[in-house]
Amino acid sequence: MKILVAEDDRATQLRLQSDLSAWGYEPTVAANGREAWELYQAEHFPLVISDWMMPEMDGLELVRNIRSEAAES
């Protein structure tokens with residue numbers, strides 16, 4: 001299963017990516033909320049793991065955008 005990880009801390013990104021891959025998932029990492037939103041729009045992910053506080057777009061705004069798009073579908 002593909003998982004989108006939105007995390008601005010590089011060490012946490014690497015840890016999540018490593019653990020998720022070891023567990024058989026396919027993680028895609030975004031360095032901020034805006035990048036995560038763009039990736040989500042290009043390819044819908046069944047699961048998103050998001051940091052709460054990130055530059056450019058925080059986790060709350062990212063989740064609101066995802067929910068809004070889901071409601072429109």
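Not measured: the values here are computed from a predicted model. (Residues numbered from 1 in each chain as written. Predicted model: local features only at pLDDT ≥ 70, side-chain atom pairs only at ≥ 80, totals over all residues. Heavy atoms only, no water.)

### Examining the sheet that holds strand 1 (residues 2-6)
Move 1: Taking strand neighbours across the sheet as the criterion, the three strands line up as 2-1-3 in an open arrangement whose pairing is parallel. The sheet is open, and its two edges are formed by strand 2 (26-30) and strand 3 (47-50), each paired on a single side. Mean inter-strand twist for the sheet, computed between neighbouring axes without regard to direction, equals 20 degrees.
Move 2: Across five bridges, the pairing between strand 1 and strand 2 is parallel. Paired with A6 across the two strands is A30, which belongs to strand 2.
Move 3: Lying on the sheet, helix 1 (residues 10-22) is in contact with strand 1, strand 2 and strand 3; it crosses strand 2 at an angle near 165 degrees. (Pairing = 2+ DSSP bridges. Helix = DSSP H or I, 4+ residues; strand = E, 2+ residues; numbered from the N terminus. Axes fitted to C-alpha atoms, helices over the stretch in contact; angles between N-to-C directions. Contact = heavy atoms within 4.5 Å.)

### Focus on the pattern of salt bridges
Move 1: The full count for this structure, using the stated rule, is two salt bridges.
Move 2: When the shortest N-O distance is used, the salt bridge between K2 and E43 registers 2.6 Å. With a gap of 41 residues between them, K2 in strand 1 and E43 in the loop between helix 2 (33-42) and strand 3 connect regions that are remote in the sequence.
Move 3: Using a relative accessible area of 37% as the deciding quantity, one classes K2 as partly exposed. (Salt bridge = Lys/Arg side-chain N within 4 Å of Asp/Glu carboxyl O. Buried < 20%, exposed > 50% of the residue type's maximum accessible area, 1.4 Å probe, protein only.)

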